[in-house]
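If you want the building blocks of each chain, they are given just below.
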Amino acid sequence: MDDGLIWILAGLGLVMAEIVVPGVFLLWIGLAAIGTGLVTLALAPSFAVKVVVFLALLAAGIAAALRLRRRQRPAVRVNTPDAGLVGRLGTVTERTAAGARVHLGDSDWAARIAGEAEVGDTVRVDGVDGTVLVVSRVGR
């Protein structure tokens, strides 16, 4: 059997293994092996050149993967404390020296008010600090 075909078959096996056991590691090795097999079939280089071609293709694939990974959007913030609260409007229900309480939706929350707000004022949630809402007064 020709060396180029062995490289290609090994590469296809690695790509198939990546499908069965995903992890994006075997993919780049398999693609580099397939590329080395194609170069081997076309040029019939020495063993040392085959190794250099394989390593160069592998390095190029890993570099491309890292560049693509860097361009991905930030992770969606699902089930984080502030994911559904920031920007919502609530009403100040209690104001004491220790802090405030804000009615938001169907529950009351401990709140830290930025600026001045009195009981009955409408506030907007600007952030969440643990279980305490950080709010600011909306217009007067």
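Quick note: structure is the one above.
Residues numbered from 1 in each chain as written. Predicted model: local features only at pLDDT ≥ 70, side-chain atom pairs only at ≥ 80, totals over all residues. Heavy atoms only, no water.

Draft legend 1. Main features of the overall build of the protein chain. A tally of helices and strands in the protein chain yields 3 helices and 5 strands. Along the chain direction, N to C, the helices and strands of the protein chain fall in the order α-α-α-β-β-β-β-β. Seen through its C-alpha atoms, the protein chain measures out along the principal axes to roughly 85 × 25 × 25 Å. Across the 140 residues that make up the protein chain, the buried fraction comes to 26%. Here the contacts in the protein chain between residues at least 6 apart in sequence split such that 38% fall between residues at least 24 apart. Summing over all exposed atoms, the protein chain offers an accessible surface of approximately 9400 Å²; the carbon and sulfur share of this is 64%. Separation between the mean location of the 14 positive side-chain charges and that of the 12 negative ones in the protein chain comes to 7 Å. (Helix = DSSP H or I, 4+ residues; strand = E, 2+ residues; numbered from the N terminus. Buried < 20%, exposed > 50% of the residue type's maximum accessible area, 1.4 Å probe, protein only. Contact = heavy atoms within 4.5 Å. Areas by Shrake-Rupley, 256 points an atom, 1.4 Å probe, with all protein chains shown as cover. Lys, Arg positive; Asp, Glu negative; His and termini not counted. Charge placed at Lys NZ, Arg CZ, Asp CG, Glu CD.)

Draft legend 2. Seen up close, the pattern of salt bridges. Enumeration according to the criterion identifies 4 salt bridges in this entry. For the salt bridge of R137 with D121, the shortest nitrogen-to-oxygen distance reads 3.5 Å. You can see R137 sitting in strand β5 (residues 132-137) and its partner D121 sitting in the loop between β3 (107-114) and β4 (122-129), a full 16 residues away along the chain. For R137, a relative accessible area of 23% puts it in the partly exposed group. Using a relative accessible area of 17% as the deciding quantity, one classes D121 as buried. (Salt bridge = Lys/Arg side-chain N within 4 Å of Asp/Glu carboxyl O.)

Draft legend 3. Layout of helix α2 (residues 26-43). Its 18 residues give α2 an end-to-end C-alpha distance of 25 Å, which sits within 8% of 26 Å, the value for a rise of 1.5 Å per residue. Taken as a whole, α2 has its buried residues at W28, G30, A32, A33, I34, G35, T36, G37 and T40. Looking at the buried positions of α2, the neighbouring elements they touch are α1 (3-20) and α3 (47-71). Directly beyond the C-terminal end of α2, a positive phi value near 50 degrees is found at A44. (Expected span 1.5 Å × (residues − 1).)

Draft legend 4. Up close: the layout of surface pockets. For the largest pocket, the calculated volume is near 300 Å³. Lining the largest pocket are 12 residues, with V24, W28, A65, L66 and R69 positioned closest to its centre. If you list the elements that add at least two residues to the lining of the largest pocket, you get α2 and α3. The element that contributes the greatest number of residues to the lining of the largest pocket is α3, accounting for 6 residues. (1 Å grid on protein atoms, 1.4 Å probe; cavity = no way out; pocket = protein on both sides within 12 Å on 5 of 7 lines; lining within 4 Å. Points joined across faces, edges and corners; volume = space filled by probe spheres on them.)

Draft legend 5. Quick peek at the environment of R137. Separated by 16 residues in the primary sequence, R137 and D121 have C-alpha atoms spaced 7.0 Å apart. The residues contacting R137, other than those within four sequence positions of it, are A114, E116, A117, D121, T122 and V123.

Draft legend 6. Examining the side chain of S136 more closely. Considering the arrangement of structural elements, one finds S136 in strand β5. Polar side-chain contacts of S136 include one of 2.7 Å to the side chain of D126. When near neighbours in sequence (up to four residues on either side) are disregarded, S136 contacts A114, V123, R124 and D126. (Polar contact = N/O pair within 3.5 Å; in protein donor to acceptor, adjacent residues only side chain to side chain.)

Draft legend 7. Representation of the sheet that holds strand β1 (residues 89-96) in the model. Pairing is mixed around the closed barrel formed by 5 strands, whose spatial order is β1-β2-β3-β5-β4. For this sheet the average axis-to-axis angle between neighbouring strands, irrespective of direction, equals 50 degrees. In terms of strand pairing, strand β2 (residues 99-104) meets β3 through 5 bridges, oriented antiparallel. Looking at the pairing, H103 lines up with D108 of β3. (Pairing = 2+ DSSP bridges. Axes fitted to C-alpha atoms, helices over the stretch in contact; angles between N-to-C directions.)

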